[in-house]
Amino acid sequence: AQSVAQPEDQVNVAEGNPLTVKCTYSVSGNPYLFWYVQYPNRGLQFLLKYITGDNLVKGSYGFEAEFNKSQTSFHLKKPSALVSDSALYFCAVRDARAGSYQLTFGKGTKLSVIP
Amino acid sequence: DGGITQSPKYLFRKEGQNVTLSCEQNLNHDAMYWYRQDPGQGLRLIYYSQIVNDFQKGDIAEGYSVSREKKESFPLTVTSAQKNPTAFYLCASSTQGLGQETQYFGPGTRLLVL
């Protein structure tokens, strides 16, 4: 079985400060990890993914995430937050073994960037 | 949202009625998915299809049905057996090469019960 935990329902950060949205995962095999963002009443937009290779993954809109196998974490980060980053963020995982295409999503973290 | 369309944007269902949500993609993706989103619960997988004329149940398939007659289309029917259908429904699609299967989402359909 695979699972994702996003321990914070909400994260508040001041504009211009660095932001971190936390994600931990559990899979039997190696993980494929994803971050998505959702604006109100919209679909999910893909931000970045970790498949293999460099543990630091860079994505859209200046976001990056660091894969930490020992801590089973994949935290989303951005050096300087913008008000427009305010949205709902989802972490997702799937087992890298062939034949398993199901993504499991966390419950989401609401990010509020305060001007 | 580009490449995947969902219609309608809002849908109202009466008691005992079946309703069908449309999902179309022009990305030439083999796999398509339906998710249900409820506040504070994240996304839960209803059904998925990896190839035309084949589909699999997800975690919450009861009260729902799907078909996959064309590669581009994966409609979801919410049947009268689904007793709590009010939710935001998201369709997604992806390729199927290992490590390539990022899922891309449509804009969603919000289903409300009258």
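Structure: see above.
Heads up: these notes are all about the structure in this document. (Residues numbered from 1 in each chain as written. Chains lettered and ligands numbered in written order. Predicted model: local features only at pLDDT ≥ 70, side-chain atom pairs only at ≥ 80, totals over all residues. Heavy atoms only, no water.)

## Quick notes on the overall build of chain A
And step 1. Summing up its helical and strand segments, chain A has zero helices and twelve strands in all.
And step 2. Secondary structure elements of chain A, listed N to C terminal, follow the sequence β-β-β-β-β-β-β-β-β-β-β-β.
And step 3. For chain A, the C-alpha radius of gyration of 14 Å lies close to 13 Å, the compact-globule estimate for 115 residues.
And step 4. Along the first, second and third principal axes, the C-alpha set of chain A runs to 45 × 30 × 20 Å.
And step 5. Scored against the burial criterion, the 115 residues of chain A give a buried share of 46%.
And step 6. Summarising the internal contacts of chain A: among those between residues at least 6 apart in sequence, 58% fall at separations of at least 24.
And step 7. When the accessible surface of chain A is summed, it comes to about 5400 Å², and 49% of that surface belongs to carbon and sulfur atoms.
And step 8. Taking the average place of the 11 positive charges on the side chains of chain A and the average place of its 8 negative ones, the gap between the two points comes to 6 Å. (Helix = DSSP H or I, 4+ residues; strand = E, 2+ residues; numbered from the N terminus. Rg over C-alpha atoms; globule rule 2.2 N^0.38 Å. Buried < 20%, exposed > 50% of the residue type's maximum accessible area, 1.4 Å probe, protein only. Contact = heavy atoms within 4.5 Å. Areas by Shrake-Rupley, 256 points an atom, 1.4 Å probe, with all protein chains shown as cover. Lys, Arg positive; Asp, Glu negative; His and termini not counted. Charge placed at Lys NZ, Arg CZ, Asp CG, Glu CD.)

## Quick notes on the sheet that holds strand E7 (residues 64-66) of chain B
Residues and elements named next belong to chain B.
And step 1. Strand order in the open sheet made by the four strands is E1-E3-E8-E7, with antiparallel pairing throughout. Looking at the sheet topology across the chains shown, the edges are occupied by strand E1 (4-7) and E7. Recorded for the sheet is a direction-independent mean angle of 20 degrees between the axes of neighbouring strands.
And step 2. Pairing of E1 with strand E3 (residues 19-25), which is carried by four bridges, proceeds in the antiparallel orientation. Each bridged residue has a counterpart across the sheet, and for Gln-6 the counterpart in E3 is Cys-23. (Pairing = 2+ DSSP bridges. Axes fitted to C-alpha atoms, helices over the stretch in contact; angles between N-to-C directions.)

## Considering the interface of chain A and chain B
And step 1. On the side of chain B, 26 residues touch chain A, which itself brings 22 residues to the contact.
And step 2. With both sides pooled, the region where chain A packs onto chain B buries about 2000 Å², and carbon together with sulfur makes up 52% of that total.
And step 3. Considering only the side of chain A, the residues that lose the most area to chain B are A:Asn41, A:Tyr101 and A:Gln102, jointly responsible for 31% of the buried surface there.
And step 4. Taken together, chain A and chain B are joined by zero salt bridges.
And step 5. At the boundary of chain A with chain B, the tally comes to four residue pairs in polar contact (both at pLDDT 80 or more).
And step 6. Elements represented by at least two residues in the side of chain A that touches chain B include exactly strand E5 (31-38), strand E6 (44-50) and strand E10 (87-95) of chain A.
And step 7. Top element by residues in the side of chain A that touches chain B is E5(A). It accounts for four residues.
And step 8. Tallied by class, the residues present in the side of chain A that touches chain B amount to 13 nonpolar, five polar and four charged. (Buried area = accessible area lost by both parts, 1.4 Å probe. Salt bridge = Lys/Arg side-chain N within 4 Å of Asp/Glu carboxyl O. Polar contact = N/O pair within 3.5 Å; in protein donor to acceptor, adjacent residues only side chain to side chain. Nonpolar A, V, L, I, M, F, W, Y, C, P; charged D, E, K, R; others polar.)

## Some thoughts on the pattern of salt bridges
Residues and elements named next belong to chain B.
And step 1. If you walk through the whole model with that rule in mind, you get five salt bridges over all chains.
And step 2. One salt bridge connects Asp-38 with Arg-44, and the closest N-O pair in it is separated by 2.8 Å.
And step 3. The class for Asp-38 is buried, based on a relative accessible area of 12%.

## Some thoughts on unusual backbone geometry
Residues and elements named next belong to chain B.
And step 1. Here Ser-7 and Pro-8 are connected by a cis peptide whose omega angle stands at -10 degrees.
And step 2. Secondary-structure assignment places Pro-8 in the loop between E1 and strand E2 (10-13).
And step 3. Located in the positive-phi region is Asn-28, a residue other than glycine, with phi close to 60 degrees.
And step 4. Locating Asn-28 in the fold gives a position in the loop between E3 and strand E4 (31-37).
And step 5. Classification of Asn-28 as exposed rests on a relative accessible area of 57%.

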